[in-house]
Amino acid sequence: LITQQHTRMIAYIEPYFLDNESDAASVLNVTGKSSDGVSESLNIQGEILCGGAAADIAGKDFGGMNCVKPLAVVRPVGSEDIAGAVRAALSSDKLTVAARGNGHSINGQSMAEGGLVVDMRSTAENHFEVGHYGGTAFVDVSGGALWENVLKRCVSEYGLAPRSWTDYLGLTVGGTLSNAGVSGQAFRYGPQTSNVTELDVVTGNGDVVTCSEMENSELFFSVLGGLGQFGIITRARVLLQPAPDMVRWIRIVYAEFDEFTRDAEWLVSQKDESSFDYVEGFVFVNGDDPVNGWPTVPLHPDQDFDPTRLPQSSGSVLYCLELALHYRDSDSNSSVDKRMERLLGRLRFDEGLRFEVDLPYVDFLLRVKRSEEIAKVNGTWETPHPWLNLFVSKRDIGDFEQKVFKELVKNGVGGPMLVYPLLRSRWDDRTSVVLPEGEIFYIVALLRFVPPGAKASSVDKLVAQNQEIVQWCVKNGIDFKLYLPHYKSREEWIRHFGNRWSRFVDRKAMFDPMAILSPGQKVFNRAL
């Protein structure tokens, strides 16, 4: 029910959204909590920040290409605070609500211009409980928890770990589950959305609901991969498995894309004990560029990339399979070597271009953390990130490679260019994620980093190139779907969802009929 308290909440907040940020700041005390009882008027236990303080937190995202001013940022204590914010928006004429995790959206998906942004990080410690059901271990964690913290605590306290990850773990549980959550384990266990069994969700109706495959299942599958359109995840039950102690991390190089894809597809199609525990791949420039070329491949400072080992037929770009084998401290070196050589012996990589290193399991999963630290030092963490992520069908990946990797981005993108196969059968069609046709499809990620001081026009060119790639795919009938999608027109969203569009619309009508939630995705307009 929409109470008088929620109506008063709007009356209290709206004056804080002033054009003059110094005036807005004057109504906040030094803690950032509104000084005349706004939090109390909202019936919210947490903090509410307005004006410049809100814009500082939620006015930009990691993409760095959008800048909007929210009405206020809510730092909730728990689910009831979040539900209170949603109910308040429902009682208004135009307010929207966006959940923000660690702010790593690229195109403003976690923003709410003139609306309420719920900072989920304030709920990070609300849940952490390991349990067992039917012989399977699980952990209940907050939707605002960072995956890196879930990892460290599960391993250090219980010797357990989630089965499926993302490459970068400085992301919230609710954020990745609202998209999919993909890394090199997904070929075996599916994305992170295939590795949760229960959720607590605040819907766009302002209800707090527990859901699973057996209870409120329509909401459960709607929210998973639902782009935040149907509810805000406040708790997730994540499947666990015994954590290995160590990882042998391997990179092998290919000059030919056909051989690279043949081996990658063979590896992801094998049964558990007949493959590696992690399979990814990337494209790099055939040259000595320290950011885009040969130096990005070796795994240790003592290792060197010897270009003389490449065949003379090598082109402008090369390909690398990135693999990992888990093992225990009690395993002998010879047994690990034997397992590795048995698998590598089936592959057709270029001899002499193989790199490997052993490291603790947690360090391997946090490997991108080191890249984050370097990017923060050199300034590229704070610059715009016009990233492009796609799923491309096996049928069309060869044509895509010829046009995109060998033509449009043949000089690199200033960051990783990922490409590796996934298996559709590991994904649940009942979720809101849409995929290309066929059992095998590829994820492609162009993770652009812009040098500090770059002109806005140079960023615009990169965005335009992303659009050129998408438009080329559409024009040439490439079977693809944007991952972490962002479109601006209804027609583009309908094309994206295809025959799943009507289901998506029906779910919206059921769980967020006023289109309160996640306005930054630009899928639906707020109903009046």
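These numbers come from a predicted model, not from an experiment. (Residues numbered from 1 in each chain as written. Predicted model: local features only at pLDDT ≥ 70, side-chain atom pairs only at ≥ 80, totals over all residues. Heavy atoms only, no water.)

Caption draft 1: Region of interest: the packing of helix 14 (residues 394-408) against helix 15 (residues 456-475). Relative orientation of the contacting elements helix 14 and helix 15 amounts to 160 degrees, with a least axis distance of 11 Å. If you check the angle between helix 14 and helix 15, you find them roughly antiparallel. The crossing of helix 14 and helix 15 is right-handed. The segment helix 14 lies against helix 15, with Asp399, Phe400, Lys403, Val404 and Leu408 engaging Gln465, Glu468, Ile469, Trp472 and Cys473. Its residues assigned to classes, the contact of helix 14 with helix 15 shows 6 nonpolar, 1 polar and 3 charged. (Axes fitted to C-alpha atoms, helices over the stretch in contact; angles between N-to-C directions. Helix = DSSP H or I, 4+ residues; strand = E, 2+ residues; numbered from the N terminus. Parallel < 35°, antiparallel > 145°, perpendicular 65-115°, else oblique. Left-handed = near helix turned anticlockwise from the far one by under 90°. Contact = heavy atoms within 4.5 Å. Nonpolar A, V, L, I, M, F, W, Y, C, P; charged D, E, K, R; others polar.)

Caption draft 2: Seen up close, helix 10 (residues 257-268). For helix 10, spanning 12 residues, the distance from its first C-alpha to its last is 16 Å, which sits close to the expected 16 Å at 1.5 Å a residue. Inspection of helix 10 places Phe257, Phe260, Thr261, Asp263, Ala264, Glu265, Leu267 and Val268 among the buried residues, and these make up the whole buried set. (Expected span 1.5 Å × (residues − 1). Buried < 20%, exposed > 50% of the residue type's maximum accessible area, 1.4 Å probe, protein only.)

Caption draft 3: The arrangement of helix 4 (residues 51-58) in detail. Counting buried residues in helix 4 gives 6 out of 8 residues, a clear majority hidden from the surface. Every buried residue of helix 4 is accounted for by Gly51, Gly52, Ala54, Ala55, Ile57 and Ala58.

Caption draft 4: Quick look at the confidence of the model for the protein chain. Taken as a whole, the protein chain shows an average pLDDT of 92; of its residues, 92% reach a score of 70 or greater. The low-confidence segment residues 1-8 (pLDDT under 50) makes 13 contacts with residues lying over four places distant or belonging to another chain. Here residues 16-41 is modelled with pLDDT under 50, and outside its nearest four sequence neighbours on either side it reaches 48 contacts, counting other chains as well. (pLDDT = per-residue confidence, 0-100.)

Caption draft 5: Expanded view of the sheet that holds strand 4 (residues 116-119). Ordered by their spatial adjacency, 4 strands build an open sheet running 1-2-4-3, and the pairing between neighbours is mixed. Both edges of this open sheet fall to strand 1 (47-50) and strand 3 (97-100), since each of them pairs with a single strand only. For this sheet the average axis-to-axis angle between neighbouring strands, irrespective of direction, equals 25 degrees. The pairing of strand 3 with strand 4 spans 4 bridges and is parallel. Note that in strand 4 the partner of arginine 100 across the bridge is aspartate 119. Strands in contact with helix 4 are strand 1, strand 2 (72-75), strand 3 and strand 4; relative to strand 1, the strand with the most contacts, it is inclined by about 100 degrees. (Pairing = 2+ DSSP bridges.)

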